[in-house]
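# Working through the structure, step by step
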Amino acid sequence: PLGSRPLGSHLPRALPNVCQTIYCLDTIMSEPLLTYLMPAYAAASYAALLLLPPVKFPATLLGASTFGASWAAYNIYRSKNVDLGLVTMGIVALASAMELGVVGGGGLTPTIKTVETIGCALVALNFVLPLLAWAQLTSALGRKKSAFWFQVFFLYCIAMAVFWAVCAFKNSGRPASSKLETE
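I will try to describe carefully the structure that is included in this document. (Residues numbered from 1 in each chain as written. Predicted model: local features only at pLDDT ≥ 70, side-chain atom pairs only at ≥ 80, totals over all residues. Heavy atoms only, no water.)

Attention now goes to the nonpolar core. In this structure, Tyr41, Phe127, Tyr156, Met160, Trp164 and Cys167 are the most contacted members of the largest nonpolar core, which totals 28 residues. Those elements that provide at least two residues to this core are helix 2 (33-51), helix 3 (57-79), helix 4 (85-100), helix 5 (110-132) and helix 7 (147-172). The element that contributes the greatest number of residues to this core is helix 7, accounting for twelve residues. In this structure Cys167 touches Leu49, Phe57, Leu61 and Cys120, once residues within four positions along its chain are discounted. (Core = buried A, V, L, I, M, F, W, Y, C linked by side-chain atoms within 4.5 Å. Buried < 20%, exposed > 50% of the residue type's maximum accessible area, 1.4 Å probe, protein only. Helix = DSSP H or I, 4+ residues; strand = E, 2+ residues; numbered from the N terminus. Contact = heavy atoms within 4.5 Å.)

Attention now goes to the pattern of salt bridges. According to the stated counting rule, one finds two salt bridges in the structure shown. Here Arg174 ties to Glu99 by a salt bridge, and the two come within 2.3 Å at their closest N and O atoms. Of this pair, Arg174 sits in the segment after helix 7 while Glu99 sits in helix 4, and the two are 75 residues apart along the sequence. Glu99 shares its class with Arg174; the two are buried. Salt-bridge contacts for Arg174 lead to Glu116; the nearest nitrogen and oxygen are separated by 3.4 Å. Taken together, the residues span a long stretch of sequence, with Arg174 in the segment after helix 7 and Glu116 in helix 5 at a distance of 58 residues. With relative accessibility at 15%, the residue Arg174 sits in the buried group. Given a relative accessible area of 0%, Glu116 falls into the buried group. Counted as one network, the salt bridges with shared partners bring together Glu99, Glu116 and Arg174. (Salt bridge = Lys/Arg side-chain N within 4 Å of Asp/Glu carboxyl O.)

A word on the packing of helix 6 (residues 134-141) against helix 7. Where helix 6 contacts helix 7, the axes come no closer than 12 Å and their chain directions differ by 150°. On the basis of the axis angle, helix 6 is roughly antiparallel to helix 7. The hand of the helix 6/helix 7 crossing is right-handed. For the pair helix 6 and helix 7, the contacting residues are Trp134, Leu137, Thr138 and Leu141 in the first and Trp149, Phe150, Phe153 and Phe154 in the second. (Axes fitted to C-alpha atoms, helices over the stretch in contact; angles between N-to-C directions. Parallel < 35°, antiparallel > 145°, perpendicular 65-115°, else oblique. Left-handed = near helix turned anticlockwise from the far one by under 90°.)

Our focus in this paragraph is unusual backbone geometry. The phi angle at Lys80 is positive, at roughly 60°, despite the residue not being glycine. With respect to the element layout, Lys80 can be found in the loop between helix 3 and helix 4.

Turning to helix 4, a few remarks are in order. Three or four residues apart is the spacing at which side chains of an α-helix point the same way, because the helix has 3.6 residues per turn. For helix 4, which comprises 16 residues, the first-to-last C-alpha distance of 22 Å matches the rise-based estimate of 22 Å (1.5 Å per residue) to within 8%. For helix 4, the full list of buried residues reads Gly85, Thr88, Met89, Val92, Ala93, Ala95, Ser96, Ala97 and Glu99. Contacts made by the buried residues of helix 4 are with helix 2, helix 3, helix 5 and helix 7. (Expected span 1.5 Å × (residues − 1).)

For the pair Glu116 and Met89, spaced 27 residues apart in sequence, the C-alpha separation works out to 9.7 Å. With near-sequence residues (within four places) excluded, Glu116 lies in contact with Leu61, Val92, Ala95, Ser96, Glu99, Leu108, Asn171 and Arg174.

Turning our eyes to something else, we now look at a nonpolar patch on the surface. On the surface, Leu86, Val87, Ile91, Val115, Ile118, Leu122 and Leu125 cluster together into a nonpolar patch covering about 550 Å² of accessible area. Sorting elements by how many residues they give to the nonpolar patch places helix 5 first, with four residues. You can see Ile91 is positioned in helix 4. Owing to a relative accessible area of 31%, Ile91 belongs among the partly exposed residues under this scheme. (Patch = residues over 30% accessible without salt bridge, like charges linked within 9 Å, V, L, I, M, F, W, Y side chains within 5 Å. Areas by Shrake-Rupley, 256 points an atom, 1.4 Å probe, with all protein chains shown as cover.)

In this structure the side chain of Arg174 is engaged in a polar contact, spanning 2.5 Å, whose partner is the side chain of Asn171. Setting aside residues up to four positions removed in sequence, Arg174 forms contacts with Phe57, Pro58, Glu99, Leu108, Lys113 and Glu116. (Polar contact = N/O pair within 3.5 Å; in protein donor to acceptor, adjacent residues only side chain to side chain.)

Laid out in structure tokens, this is it:
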């Protein structure tokens, strides 16, 4: 117990932990803002999926896919490299916009349901690809990215692959109709 030792005698043992915490905070704070956007986007996507009522599921698809497609477009602009997320999430964004009536008449038709479901599955696969090519990815980006970034990106890819796989599964079980469900 603290009372049995002289005041301050516990500090030398705690100092390495304090230094490690400060080092971790310094490392975290030196990361680019987009590093923190990965877990924020994942958390927001899961919150929408788990907390909104089922009738809001098309809006969850639209929001998550539009944000993801926009981010992919930014990545392409910034890096001049291909990002398949623009195509895969663009498919989901367009189909869910059609379902919601933002584009077209609205409603979950069998065609829109199929396109949304396949699109969600393709997005999930898009998040699995970096995990399958992890050795090549770390080799190619090793000097450009920090160890912290790689940890965040690895967990982000897993979380978002699961999110989109769940969306594909959930969407496949929704009944198709000729008009937008509002209940």
